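Observations on the model geometry
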Amino acid sequence: MGFAANYLRNLASLAVGREPMRPLFFSLYVTHRCALHCSYCAEGDGRPFKQDPVDDPSLDQVKRLLRILRRSGDTLDLTGGEPMIRDDLEEILLAAKSLGFQTVLNTKAMGLDKRPEVLRLTDVMVIGVDSMQHEHLSKVMGSSIEAARAVIRGVEYAASQRHATRTQVTLSPVVTPDNVQGAREVLHWALDHGLSFELSPQTIGPHVHPGLRDNAGYRALVDELIELKRSRRGVMGVPDYLKGIRGFADYRCHPMLLPKIRPDARLYYPCLERMHADVSILEAGSYERALEQARALRGDLPVCRDCCHCFCHMAISLFQRQPWRALQEGRHWKPT
């Protein structure tokens, strides 16, 4: 089962008033470890991921999990923590590619220039960079100037090699009340260098940071994005997503379009933000059985409206609900 087939099956479910439950992407946390201290890093209850002590899965466990997931979808997002902290990331990516997955990697890209196979084995690399200024970026990351330089070196390396490796590179800042200008710098650097750009506002738990709700600078940034979406390639997210994160409009979230999986192979249900991870996909033997068991324990999906205004929830939910807009998004996936 692949992305297109699952998308169409989800459309059929929506047409008869049912929740779309087929996965468009799987998001696998290959580690919760990270050496940085980014101000916005948080899972569902506001703690940084690295404060949730979950052992990294072995390479064999990851491979077994990938074989199970591949029966239900063909697009895999590897995330963390920081995935590049794993010495065997190249082997994980190779295993995923060998199974026929389209690979997405969420990373800070530190040390990427010393690990070229990571880029070669990645179809879409999403780099979390929040400023192009070393000093400011180091403050956002709560780390050293050298760490900030390493992130920007990774961005520059990915941009310089993307044609050779056929990797789409997307720069993805998280906007905080104190970092609107940094996100704008990243936006213009991305588009000037032919990369894609996606934006998420900072959330605290499932709710947007209150300092963004009436923030004139933030709204001006999103207005600029909306205008650029009309005239340039590379701005990601359907138009209603951009409008939605401007005023934090209510929307209908469909969290199982992007199932999130802990390093111990447990499925977050109904979503990461609810913090329930009761069922192991490895033990269940299939994604569908794990989902069925999780639903039996936790019930049907909640109806959420004013929360999780971020790319992984809002943009993907609207992408699924608006097939006419989804078709138009194709032009933004292949910047010059």
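Shown above is the structure to which this text applies.
Below is a summary of the structure that appears in this document. Predicted, not measured: the structure shown is a model, and the values here were computed from it.

**What about the overall build of the chain?**
Looking only at helices and strands, the chain has 13 helices and 13 strands in total. A compact globule built from 336 residues would reach a C-alpha radius of gyration of about 20 Å, and the chain, at 19 Å, matches this within 12%. If one aligns the C-alpha atoms of the chain with their principal axes, the spans along those axes are about 50 × 40 × 35 Å. In the chain, buried positions account for 58% of the 336 residues. For the chain, restricting intrachain contacts to residue pairs at least 6 apart in sequence, the fraction spanning at least 24 positions comes to 72%.

**Considerations on empty space enclosed by the protein**
Following the criterion strictly, the structure yields two cavities of 30 Å³ or more and no others. Volume-wise, the largest cavity comes out at about 40 Å³. Around the largest cavity sit Pro255, Leu258, Pro259, Lys260, Tyr268, Pro270, Cys271, Leu272 and His313, which together line it. Its residues assigned to classes, the lining of the largest cavity shows seven nonpolar, one polar and one charged. Space inside the second largest cavity adds up to approximately 30 Å³. Forming the boundary of the second largest cavity are His254, Pro255, Leu257, Leu258, Cys312, His313, Ile316 and Ser317.

**Some remarks on the packing of helix α5 (residues 134-141) against helix α6 (residues 145-165)**
Running from N to C, α5 and α6 cross one another at 105°; their axes reach a closest spacing of 8 Å. One element, α5, and the other, α6, form an angle in the roughly perpendicular class. In this structure, α5 contributes His134, Glu135, Leu137, Ser138 and Met141 to the contact, and α6 contributes Ile145, Ala147, Ala148, Arg149, Val151 and Ile152. Across the contact of α5 with α6, the residue classes tally to seven nonpolar, two polar and two charged.

**Some details on the packing of helix α9 (residues 239-247) against helix α12 (residues 311-321)**
Following both chains from N to C, one finds α9 and α12 inclined at 135°, their axes separated by 8 Å at the closest point. With respect to α12, the element α9 is oriented oblique. The way α9 lies across α12 gives a crossing that is right-handed. Judged by residue contacts, Asp240, Tyr241, Gly244 and Ile245 of α9 engage Phe311, Met314, Ala315 and Leu318 from α12.

**Observations concerning the packing of aromatic side chains**
When we look at a pair of aromatic rings, we describe it by the centre distance and by the angle of the planes. Within the structure shown, the criterion is met by eight aromatic pairs. With a centroid separation of 5.6 Å and an interplanar angle of 70°, the aromatic rings of Tyr7 and Phe319 are classed as edge-to-face. Taken together, the residues span a long stretch of sequence, with Tyr7 in helix α1 (residues 3-15) and Phe319 in helix α12 at a distance of 312 residues. Seen in terms of ring centroids, Tyr218 and Phe248 are 5.6 Å apart; in terms of plane orientation they differ by 5°. Their pairing is stacked. Residue Tyr218 is found in helix α8 (residues 216-231), and its partner Phe248 is found in the loop between α9 and β11 (260-261); the two are separated by 30 residues along the sequence. Site record: aromatic cluster; members linked through ring pairs are Phe3, Tyr7, Phe25 and Phe319.

**Some points on the pairing of strand β5 (residues 168-171)**
Covered by surrounding structure in β5 are Gln168 and Thr170 together with Val169 and Leu171, the residues of both alternating faces. One ladder, built from four bridges, connects strand β4 (residues 124-127) with β5; its direction is parallel. Residue pairing across strands places Ile127 opposite Leu171, the latter belonging to β5. Of the pairings in the sheet, the one linking β5 to strand β7 (residues 196-197) comprises two bridges and is parallel in character. Within β7, the residue paired with Leu171 across the bridge is Phe197.

**Topic: the side chain of Asp74**
With respect to the secondary-structure elements, Asp74 resides in the loop between α2 (59-70) and β2 (75-79). Here Asp74 is buried and forms no salt bridge, its nearest opposite-charge partner Arg70 lying at an N-O distance of 5.0 Å. There is a polar contact of 3.1 Å between the side chain of Asp74 and the side chain of Thr75. Contact partners of Asp74, with chain neighbours within four places excluded, come to Met1, Gly2, Phe3, Gly100, Phe101 and Gln102.

Definitions and cut-offs
Residues numbered from 1 in each chain as written. Predicted model: local features only at pLDDT ≥ 70, side-chain atom pairs only at ≥ 80, totals over all residues. Heavy atoms only, no water. Helix = DSSP H or I, 4+ residues; strand = E, 2+ residues; numbered from the N terminus. Rg over C-alpha atoms; globule rule 2.2 N^0.38 Å. Buried < 20%, exposed > 50% of the residue type's maximum accessible area, 1.4 Å probe, protein only. Contact = heavy atoms within 4.5 Å. 1 Å grid on protein atoms, 1.4 Å probe; cavity = no way out; pocket = protein on both sides within 12 Å on 5 of 7 lines; lining within 4 Å. Points joined across faces, edges and corners; volume = space filled by probe spheres on them. Nonpolar A, V, L, I, M, F, W, Y, C, P; charged D, E, K, R; others polar. Axes fitted to C-alpha atoms, helices over the stretch in contact; angles between N-to-C directions. Parallel < 35°, antiparallel > 145°, perpendicular 65-115°, else oblique. Left-handed = near helix turned anticlockwise from the far one by under 90°. Phe/Tyr/Trp six-rings, centres within 6.5 Å; stacked < 30°, edge-to-face > 60°. Pairing = 2+ DSSP bridges. Lys, Arg positive; Asp, Glu negative; His and termini not counted. Salt bridge = Lys/Arg side-chain N within 4 Å of Asp/Glu carboxyl O. Polar contact = N/O pair within 3.5 Å; in protein donor to acceptor, adjacent residues only side chain to side chain.

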